[in-house]
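Chains, contacts and geometry: an overview
Listed below are the residues making up each chain.
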Amino acid sequence: MNTHLTNSLLTSHKVLFLNTLAFTICFAAWTMNGVLVTYLTDNGIYNWSVVETGWLLGIPILSGSIMRLPLGLLTDKYGGQKVFTTLLILCSIPYFLLYYVDSYWLYFSLSALFGMVGTSFAVGIAFTSVWYPQNWQGRALGIFGMGNAGAAITTLLAPSLLNYLSEDNPENGWRMLPIFYGITLLIIGFVFMFLVKNKKPETQVKTIGGLLKPLKNIRVWRFGLYYFLVFGLFVAFSQWLLPYYVNVYKTSLVLGGMLASAFSLPSGVIRALGGFLSDKFGARKVMYWVLYSSLIISGLLMLPKMEILTPGKGIVAKKSGAISSASKEKIVLNDEEITIITKPQIPEKISVLPKSFSWQEVVVKQNQTVKKKELLAKGNTLIKFEAHITVFSILVILIGIMWGIGKAAVYKHIPEYFPNEVGVVGGMVGLIGGLGGFIGPILFGYLLDFSGLWTSSWIFVFIVSAIALFWMSNVIKKMTHNEAPHIKYRIDH
C-alpha cells in the first residue's frame, strides 16, 4: 500500500515538474513582446507610437486571459495532457509566422494568436490539481505558480540574443527570435505528447449556468480586483519596465532587460513563500501587508524626476540708509558690508537623495535709498530630485516581491470562501487578474501620451492599491460589526 502511494506520488511529482516547466516556457513566450517591440521601435525598424506599442504589449495578455476559463473547462473534460499538448503545438505556429511580418496589423494579429500560451496557467492549475490529494494541493499549486518567473527569462536573455542575431543583419536579424520560441514550444509539446500520462477529474462538469452562478457574489469581484493588482499589473510591468528603463534612464536594451528581470524573477519565485505565510498568518492579514506595501511603494515610485524652484532666505535692511555699492557678491549699506550667497554650480546629476541649492539675488542698486526691513536680496532655493535609478530599482523589486506574496494570498482566500467551486472561482479571478496584464500596457501608453510622465503608470498603481485597501477595510469593518459589534466598538474607540 505504501509502495503504491509512493509510486503514485512520484508520478504526480513528474507531472508537476513538466507542468511547471511548460508553464515557465509559456510565460516567457507570453511576454516576448515586451522585449521585441521595444527593440523594434528603439532601433527605428518600425515607427510605432507609444499607444500602438502599448496595444502590442497588451493584446497577447488579453487573448491569454479571456480564454483561460474555456481552456480550464476543456482540461476538466478531456484531461490536461491532451489540452496542454494541443495548446503548445498550435501556439508555436504564430511564432513561426512572425518571421514574415511586414506590417503593424499582421504583427498585432499574430500577437493575439500567440497570446493563447497565457491560458497555460488555467490548464496547468487544473491538471496539477487532479494529480494531488487535498493535503498536497497548496504546496503543488504554489510550486506550479512559480512558473511566473518565466517573464524574467525573456527580459534577461532575449535582449542579448537580439543583439547577437542582429550583428550581421541589423534590419531582419530579430526575426529569428520568435522562431526560437516556436521551436521551444514544439519541443515541450512533444514531451507532453509522449512522456505525460493523461488524467481527468472524476466529478461531473457543471452546466454553464452553474459555472456562472458565483459571478453573482460580489466577493468574487473583490478577489478579482486584488488579483488585477498583484498579478495583472505584475504582468503589465514585466513588459513595460524595459521601455521604461530605456527611455527614462537611457539604459541599453541588455541592462534594461536585466533590471526588468530583477523585478519579475523574485516576484514569480516568491509566490511559494506567499502560500506559506498565508497558511501561517492567514490570507487576510497577508493581503493587508501586501496592499499597504503596494500603496506606500507606488506612492514613492510615482514621484518623477523634477526640479522645484521656491523662495528661499533673503536679506532685508536692518535700518534705513543709502546703498554705497551693490554687486553679486556683496552690498554696502551705510558702510556696513553684507555678504551675498552667490548661485552655486548645479550639477546635471545628483546623488541618490534629493538635494537643495540656495543662493541670493541682489534687488537694489548703488546710491539707492532704502527703508528699514526693505528687501535687499531675494532668496532662491532649488530642490533637485533625480528619481535615482538605484532607488527606483530597489523599490521596483520590493513591490514585485510583495505582489508575488499577494498572488498566493488571493488564491488562499478562494477555498476558504468557495470550497466547492475552487476551479470556477479561481478561473474567474484569474481571468479578471489577467485582464490587468492586458489593460496595463495600453493604459500606460495613453497615460504617458496624455501626461508626458512615465511615472503616470505608478500613479495608476497607487489608485488601484488605495481602492483595493479601502474596499477590503470596509468589508472587514462590516463583518466585524455584524458578527461582534461589541469588539468593533472597543477597536474604534
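For the structure given in this document, a descriptive report is provided here. (Residues numbered from 1 in each chain as written. Predicted model: local features only at pLDDT ≥ 70, side-chain atom pairs only at ≥ 80, totals over all residues. Heavy atoms only, no water.)

Here the focus is the environment of Pro 60. Inspection of the secondary structure puts Pro 60 in helix H3 (residues 50-66). Judged by its relative accessible area of 0%, Pro 60 falls in the buried class. The spatial distance from the C-alpha of Pro 60 to the C-alpha of Gly 437 is 9.2 Å, given a sequence separation of 377 residues. For Pro 60, the contacting residues outside a window of four places in its chain are Trp 30, Asn 33, Ser 111, Phe 114 and Gly 115. (Helix = DSSP H or I, 4+ residues; strand = E, 2+ residues; numbered from the N terminus. Buried < 20%, exposed > 50% of the residue type's maximum accessible area, 1.4 Å probe, protein only. Contact = heavy atoms within 4.5 Å.)

Where helix H2 (residues 32-42) meets helix H9 (residues 150-165), the closest approach of the two axes is 9 Å, and the angle between their N-to-C directions is 35 degrees. Like other packed secondary-structure pairs, H2 and H9 cross with a definite hand, here right-handed. Every residue of H9 that contacts H2 at Met 32, Val 35, Leu 36 and Tyr 39 is listed here: Thr 154, Thr 155, Ala 158, Pro 159, Leu 162 and Asn 163. Considering only residue class, the contact of H2 with H9 consists of seven nonpolar, three polar and no charged. (Axes fitted to C-alpha atoms, helices over the stretch in contact; angles between N-to-C directions. Left-handed = near helix turned anticlockwise from the far one by under 90°. Nonpolar A, V, L, I, M, F, W, Y, C, P; charged D, E, K, R; others polar.)

This brings us to the pattern of salt bridges. Under the counting rule described, the total for this entry stands at two salt bridges. Note that Lys 330 and Glu 337 form a salt bridge whose closest N and O atoms lie 3.3 Å from each other. Taking relative accessible area as the criterion, Lys 330 reaches 34% and is therefore assigned partly exposed. Here Glu 337 falls in the exposed class, since its relative accessible area comes to 52%. Notably, a salt bridge pairs Lys 378 with Glu 361, separated by 3.9 Å at the nearest N-O pair. (Salt bridge = Lys/Arg side-chain N within 4 Å of Asp/Glu carboxyl O.)

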